[in-house]
Amino acid sequence: LVHLVIVPMWQESYEVVAPTIQSILDADYDSKHLILVIAHEQRGGPVPEATAKRLVKEFGSQFSYATTIKHTDLPNEVVGKGGNVTWAARQMLPYFEKKNINLKRVLVTTLDADNKPHRDYFSHLSYSYILTNDRKHHSYQPLAVYTNNIWDVPAAMRVLAVGNSFFTITQSVRPHLLRNFSSHAQSLDALIETDFWSTRTIVEDGHQFWRSYFAFKGNHQVIPIYAPTYQDAVLSDTYKQTLKAQFVQVRRWAYGASDIAYIGNLGFRTR
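Here's a quick rundown of the structure. (Residues numbered from 1 in each chain as written. Predicted model: local features only at pLDDT ≥ 70, side-chain atom pairs only at ≥ 80, totals over all residues. Heavy atoms only, no water.)

Moving on to the nonpolar core. Counting residues in each nonpolar core, the largest one holds 31 residues, and the members touching the most others are Ile21, Ile24 and Phe63. At the level of secondary structure, the elements contributing two or more residues to this core comprise strand 1 (2-9), helix 1 (14-25), strand 2 (34-41), helix 2 (46-59), helix 4 (121-131) and strand 8 (221-230). Among the elements that take part in this core, helix 1 stands out by supplying six residues, more than any other. If sequence neighbours within four positions are ignored, Ile24 has contacts with Val5, Val7, Leu34, Leu36, Phe63, Leu111, Pro117 and Phe122. Of all hydrophobic cores here, the second largest spans 20 residues; its members include Leu4, Ala89, Met92 and Ile101. (Core = buried A, V, L, I, M, F, W, Y, C linked by side-chain atoms within 4.5 Å. Buried < 20%, exposed > 50% of the residue type's maximum accessible area, 1.4 Å probe, protein only. Helix = DSSP H or I, 4+ residues; strand = E, 2+ residues; numbered from the N terminus. Contact = heavy atoms within 4.5 Å.)

Attention now moves to empty space enclosed by the protein. To locate leftover empty space, one rolls a probe as large as a water molecule over the atoms. Following the criterion strictly, the structure yields one cavity of 30 Å³ or more and no others. Of all the secondary-structure elements, those providing two or more residues to the lining of the largest cavity are helix 5 (155-172) and helix 8 (239-254). The biggest single contributor to the lining of the largest cavity is helix 5, with three residues. Residues that form the lining of the largest cavity fall into these classes: five nonpolar, three polar and one charged. (1 Å grid on protein atoms, 1.4 Å probe; cavity = no way out; pocket = protein on both sides within 12 Å on 5 of 7 lines; lining within 4 Å. Points joined across faces, edges and corners; volume = space filled by probe spheres on them. Nonpolar A, V, L, I, M, F, W, Y, C, P; charged D, E, K, R; others polar.)

Structure (structure tokens):
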């Protein structure tokens, strides 16, 4: 198996992204089977681009392959993560063709810039993928646990972070209700058939479940991966700014309500 790890960046600092890259290398998995792509936004300016290149220069030699890919705003795209990771995945296809790598052997994981996968994540993901029948029609969901900076955030944010962590753990034992959330994995051949992630929705993770569900005519399911990706709780420079950032995060998640119209359009309309 080959693991393609895409880390999208906006304007995160080196100090935020470097521990994420190091946690990937610290995994109990041969890093020579890991490919790293740091996907940065052109609209982010020269600083994120310089940060991405610095990270690849410092850590790239320890991976099978590592590169940076710049995403420019394209027509009919909304500003968000979906367009960035989709562009990065598409740009990697010539690499796999050149290396003659079977796309069924490639598992793609998207990690936000502050996500630190558990050391067993890639091993657990590989094991689950190998044991799964009809692998193409499944995606794989680790536990999102918001504990990276849990003792640095104000009490109100700590309560929300712990609550969100418990929710993702609870959902993992109810696979019939499980949907993609935050970091997740899917085989590259499946992503090609679904045209990768949505570039027209703000929330691309949960929406990917429904895109796959309808692309595969209902033959799609999410498999829980009982290894966490550790993430940051909301924290800004001041208490007021932290409250505002928390509101913005929840508001962004609320855009997932757009799936209702999507499901109604594809699931119930008369053709």
